[in-house]
Amino acid sequence: MSANRLALTGLVPLDADGAAHLDSLIADLDPAALLWVSGYTAGLAAERARGTAWAARAAVAHDAPAAAAAPASRAESSARATILYASQTGNGRRIAERLGRSLEVAGLAGQVLNVADYPPRQLSQERLLYLVTSTHGDGDPPDDARAFIEHLTGRRATRLEQLSYAVLALGDSSYPQFCATGRLLDLRLDELGARRLAPRVECDVDLEPKAASWLEQAVASARAELGGDAPRLAIVTPLRPSAQALASRDAPLEVELIGNQRITARDATRDVRHLELALPGQRFEYQPGDAVGVLVDNPAATVHRILELTRLDPSHAVTVEGTTRSLGHWLTGHREVTRLARPLLERLAERTGNDELRGWLLPAQAGEFRRRLKELQVADLLKRFPADWEAEALVGALHPLAPRLYSVASSRRELGDEAHLAVAVVEYAYQGERRVGPASWQLATAARGTRIKAYVEPNPRFRVPADGHRDLIMIGPGTGVAPFRGFLQQRIADGARGRHWLVYGGRHRERDFLYQLEWRDLLKRSKLARLDVAFSRDQQDKVYVQDRLREHGRELYAWLENGAHLYVCGDAERMAPDVHAALRDVIVTHGGRSPEAANEYLAELARTRRYARDVY
Ligand code: NAP
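Residues numbered from 1 in each chain as written. Predicted model: local features only at pLDDT ≥ 70, side-chain atom pairs only at ≥ 80, totals over all residues. Heavy atoms only, no water.

Draft legend 1. Layout of the site of the ligand. Around the ligand sit 23 residues, and of these S407, S536, R537, Y544 and Y616 come closest. For the ligand, an oxygen atom lies 2.6 Å from a polar atom in the side chain of Y544. Contact distances for the ligand include 2.9 Å between an oxygen atom and a backbone N or O atom of D614. For the ligand, whose free accessible area comes to 910 Å², the fraction covered by protein is 84%. (Near = heavy atom within 4 Å. Polar contact = N/O pair within 3.5 Å; in protein donor to acceptor, adjacent residues only side chain to side chain. Areas by Shrake-Rupley, 256 points an atom, 1.4 Å probe, with all protein chains shown as cover.)

Put into structure tokens, the structure is as follows:
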């Protein structure tokens with residue numbers, strides 16, 4: 001970066017040499033570090049200007065929980081906004097960071113934190129809080145928010161009359177408990193006497209329009225609340241995006257497929273692929289635990305079918321929230337057509353007045369509704385419930401096409417500029433017709449050399465411990481084992497001394513024991529201390545990973561007592577709660593604790609980042 005690439009708004013108190021010196025100091029910093037520096041220097045400026053002892057910390061902290069969690073005094077807290085986020089997929093983090101950046105641009109101080117890194121007692125010192133939280137499954141909070149909610153809803157929560165706040169709730173209206181976590185926190189803060197700055201905003205999967213207006217309102221309210229005494233920042237805007245900008249969801253990069261191999265047997269019930277991607281250098285930084293987001297177009301045949309059923313013209317121009325594209329373009333690259341969502345069912349029920357369809361939408365029919373969403377695609381519904389559609393209404397009733405996320409199954413420390421993924425191909429029959437998932441199918445059938453639009457979705461809560469002496473227990477049935485391949489590569493490359501215990505579950509040992517040879521090799525080299533497997537369909541009665549945990553409970557408990565870190569990856573709906581229950585049983589049986597004390601034991605592991613789950 002050089003001085004003439006910077007456009008400085010307002011008065012710039014730096015001469016050419018000063019600007020060049022500054023450039024040379026910050027040239028190699030990544031965006032997170034740059035944001036941190038901007039907040040740090042703003043704080044220094046405020047401190048010097050006022051001669052007070054505090055420095056405002058406008059920290060965007062993903063990987064710096066220790067710094068972020070340091071308690072702040074009331075004077076410090078009252079001069080800045082605290083923006084907390086809790087979300088499993090990264091949407092909450094992205095919105096919180098956008099708010100952090102907008103506040104910076106507005107010259108206001110703010111800190112952006114994962115709620116798991118925030119000591120809840122600090123709330124009594126805060127003046128201004130913005131909370132962005134998602135809800136999962138049937139009303140479950142994101143794992144990151146559990147300790148915060150526990151504190152806030154517990155008996156020891158203190159009154160918060162000094163606090164002003166606003167909540168942005170993220171959710172999926174296909175689930176009956178839509179935005180339950182956001183609602184709970186919003187109501188609880190109100191009960192504790194905090195002042196609601198604006199009504200809670202609830203966003204569906206199509207979150208952008210509502211999130212954007214919430215952000216605007218949040219900046220306006222922060223300006224009103226802090227305007228008088230917040231430190232001003234000098235705003236430095238790069239003239240063009242840096243060549244070093246990291247790939248992101250909004251600016252994905254092309255990666256090249258250099259390996260594509262089926263790793264389940266030919267007669268296995270599912271096709272799972274081991275994919276190898278060549279990365280464009282430093283712009284695609286990832287760490288084991290992160291996911292790769294893949295962006296693909298919808299299958300042409302599926303789009304064609306929708307156009308046929310609605311008799312709409314693909315070249316018709318449709319404008320949504322200021323963006324104009326042809327209908328064909330919207331359906332191909334910008335709207336979900338293989339996954340159903342509630343808005344389409346609602347619009348269809350309105351248009352057709354069909355009682356069956358209305359019935360699916362009733363809260364009492366939640367189970368039936370979920371089943372329909374899983375099995376039907378957009379074209380099935382359009383065929384079964386014919387209606388007249390205008391192109392605008394159709395596009396408006398469909399959710400935006402979301403990237404598909406796959407846990408990275410490798411470590412850069414081992415592989416350099418490569419990332420590996422384990423992808424289960426979504427493929428099933430519905431009424432005699434073959435259905436495929438758009439991303440997994442295209443990846444599975446892609447030839448070497450194919451270029452794929454991708455980015456890294458960071459997951460800082462799912463990382464190997466910094467302390468290489470710690471033991472790791474990794475529970476990953478099916479493709480949930482993917483991140484643990486990356487964890488092991490990383491730990492071995494780092495020369496970590498701690499032990500590794502992998503618990504794997506699959507359907508059949510002979511057909512879908514993913515990465516079997518690698519685990520065997522690691523066992524032989526003593527890099528894996530234990531490997532326990534559960535193959536569910538090799539015998540009459542199902543055997544699952546949690547059965548192995550119970551069987552080896554004594555040893556498991558001993559590892560935990562010895563400071564091991566525990567990880568679970570895979571299915572959120574059934575596996576993760578069942579594994580959690582088994583862990584609790586192990587602690588009850590072998591730790592001699594009550595079920596409540598065992599729950600608290602696990603909660604404490606989660607709080608101290610020794611129990612992390614990556615489940616969806
Ligand atoms: P899968 O082959 O469908 O299942 C793996 C094994 O888990 C099978 O033996 C299966 O047994 C068993 N299983 C079923 N119900 C279980 C339960 N309640 N408790 C424990 N084990 C159970 O696995 P997959 O499709 O590859 O992946 C599983 C899920 O993990 C998918 O939903 C996928 O989306 C998710 N996933 C999430 C992440 C992430 O969050 N980062 C990464 C990868 C995969 P039966 O089928 O014989 O009952």
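Don't stop here, the text continues.
Draft legend 2. Spotlight on the sheet that holds strand 23 (residues 565-570). Across the sheet, 5 strands lie side by side as 22-21-20-23-24; this open sheet has parallel pairing. Only two strands of the sheet have a single partner each, and these edge strands are strand 22 (530-535) and strand 24 (611-615). Averaged over all neighbouring strand pairs, the angle between strand axes comes to 10°, with direction disregarded. Strand direction decides the pairing type here: strand 20 (residues 472-475) and strand 23, joined by 4 bridges, are parallel. From the neighbouring strand, I473 faces strand 23, where its bridge partner is L566. (Pairing = 2+ DSSP bridges. Helix = DSSP H or I, 4+ residues; strand = E, 2+ residues; numbered from the N terminus. Axes fitted to C-alpha atoms, helices over the stretch in contact; angles between N-to-C directions.)

Draft legend 3. Local environment of the environment of E104. Mapped onto the fold, E104 is located in helix 5 (residues 91-105). Assessed through its relative accessible area of 12%, E104 is described here as buried. (Buried < 20%, exposed > 50% of the residue type's maximum accessible area, 1.4 Å probe, protein only.)

Draft legend 4. Up close: the packing of aromatic side chains. In the structure shown here, the tally under the stated rule is 15 aromatic pairs. Their ring planes at 75° and their centres at 5.6 Å tell us that F484 and F487 sit as a pair that is edge-to-face. Taken together, the positions of F484 and F487, both in helix 18 (residues 482-494) and 3 residues apart, correspond to about one turn of that helix. The pair formed by F484 and F487 is uniform in burial state, with each residue classed as buried. A centroid spacing of 6.2 Å and a plane angle of 75° characterise the contact between Y515 and W519, whose relative ring orientation is edge-to-face. (Phe/Tyr/Trp six-rings, centres within 6.5 Å; stacked < 30°, edge-to-face > 60°.)

Draft legend 5. Representation of helix 8 (residues 208-226) within the structure. Given a rise of 1.5 Å per residue, 19 residues ought to cover 27 Å, and the 26 Å separating the end C-alpha atoms of helix 8 matches this to within 8%. Of the positions making up helix 8, those classed as buried are A211, W214, L215, A218, V219, S221, A222, E225 and L226. On its buried side, helix 8 packs onto strand 3 (81-86), helix 5, strand 5 (128-134), strand 6 (164-170), strand 7 (195-196) and strand 8 (201-203). (Expected span 1.5 Å × (residues − 1). Contact = heavy atoms within 4.5 Å.)

Draft legend 6. Up close: the sheet that holds strand 11 (residues 272-278). Here 6 strands make up an open sheet; going across it, the order is 15-12-19-10-11-16 and the pairing antiparallel. Where the open sheet ends on each side, the last strands, each with one partner, are strand 15 (404-407) and strand 16 (418-424). Averaged over all adjacent pairs, the angle separating strand axes in this sheet is 40°, with direction ignored. Bridging between strand 10 (residues 253-262) and strand 11 involves 6 bridges; their strand directions are antiparallel. Counterpart to N260 in the pairing with strand 11 is L275. The strands touched by helix 17 (residues 438-445) are strand 10, strand 11, strand 12 (291-295), strand 15, strand 16 and strand 19 (451-457); relative to strand 15, the strand with the most contacts, the crossing angle is about 60°.

Draft legend 7. Local environment of the layout of surface pockets. In this model, the second largest pocket occupies a volume close to 430 Å³. Lining the second largest pocket we find 18 residues, and of these R305, Q377, D380, E433 and R435 sit closest to its centre. Within the residue set of the lining of the second largest pocket, elements represented by two or more residues are helix 9 (300-310), helix 14 (378-384) and strand 18 (433-436). In terms of residues, the lining of the second largest pocket owes the most to one element, helix 14, which gives 5 residues. Of the residues belonging to the lining of the second largest pocket, the class tally is 7 nonpolar, 4 polar and 7 charged. Counting contributing residues, the lining of the second largest pocket receives three or more from each of domain 2 (246-297 + 403-457) and domain 3 (300-396). (1 Å grid on protein atoms, 1.4 Å probe; cavity = no way out; pocket = protein on both sides within 12 Å on 5 of 7 lines; lining within 4 Å. Points joined across faces, edges and corners; volume = space filled by probe spheres on them. Nonpolar A, V, L, I, M, F, W, Y, C, P; charged D, E, K, R; others polar. Domains from an automatic or database assignment.)

Draft legend 8. Structural view of the pairing of strand 21 (residues 500-506). Most of strand 21 is tucked away: 7 of the 7 residues are buried. Every second residue of strand 21 is oriented toward a common face, with H500, L502, Y504 and G506 on one face and W501, V503 and G505 on the other, all of them buried. Bridge count for strand 20 against strand 21 is 4 bridges, and the pairing is parallel. Residue pairing in the sheet places L472 in a bridge with H500 of strand 21. Chirality of the crossover, the property in question, places the unit of strand 20, helix 18 and strand 21 among those that are right-handed. Here strand 21 runs beside strand 22; their pairing, made up of 6 bridges, is parallel. Directly across from W501, in strand 22, lies its bridge partner R530. After leaving strand 21, the chain enters helix 19 (residues 516-524) and then returns to the sheet as strand 22, a path that is right-handed. (Right-handed = clockwise from strand over helix to strand, strands pointing away.)

Draft legend 9. Up close: helix 21 (residues 553-561). Every buried residue of helix 21 is accounted for by G553, L556, Y557, W559 and L560. Axial view of helix 21: buried residues confined to an arc of 160°, hence all on one face. Packing partners of the buried residues in helix 21 comprise strand 20, strand 21, helix 20 (545-551), strand 23, helix 22 (575-591) and helix 23 (595-607). Two residues or fewer after helix 21 comes G563, characterised by a positive phi angle close to 100°. (Arc of directions from axis to C-beta.)

Draft legend 10. Highlighting the pairing of strand 3. In terms of burial, strand 3 is a largely internal element, 6 of the 6 residues being buried. Burial along strand 3 is two-sided: A81, I83 and Y85 and T82, L84 and A86, pointing in opposite directions, are all buried. As paired elements, strand 3 and strand 4 (residues 110-114) share 5 bridges and run parallel to each other. Among the inter-strand pairings, Y85 is bridged to a residue of strand 4, identified as N114. For the handedness criterion, the β-α-β arrangement of strand 3, helix 5 and strand 4 is classed as right-handed. Relative to strand 5, strand 3 runs parallel, the two sharing 6 bridges. Across the sheet, the residue bridging to A81 is L128, located in strand 5.

Draft legend 11. View of the pattern of salt bridges. Under the defined criterion, the tally for this structure stands at 52 salt bridges. For E555, the salt bridge identified is with R530, shortest N-O distance 2.4 Å. Here E555, found in helix 21, pairs with R530, found in strand 22; they are 25 residues apart in sequence, far enough to count as distant. The class of E555 is partly exposed, set by a relative accessible area of 34%. The partner of D585 in a salt bridge is R550, with the nearest N and O atoms 2.8 Å apart. (Salt bridge = Lys/Arg side-chain N within 4 Å of Asp/Glu carboxyl O.)

Draft legend 12. Region of interest: the side chain of D471. Take D471: it is sitting in the loop between strand 19 and strand 20. Engagement of the side chain of D471 in a polar contact is seen with the side chain of N562, the distance being 3.4 Å. Contacts of D471, omitting those with residues within four sequence positions, involve R491, G498, R499, W559, N562, A564 and H565.

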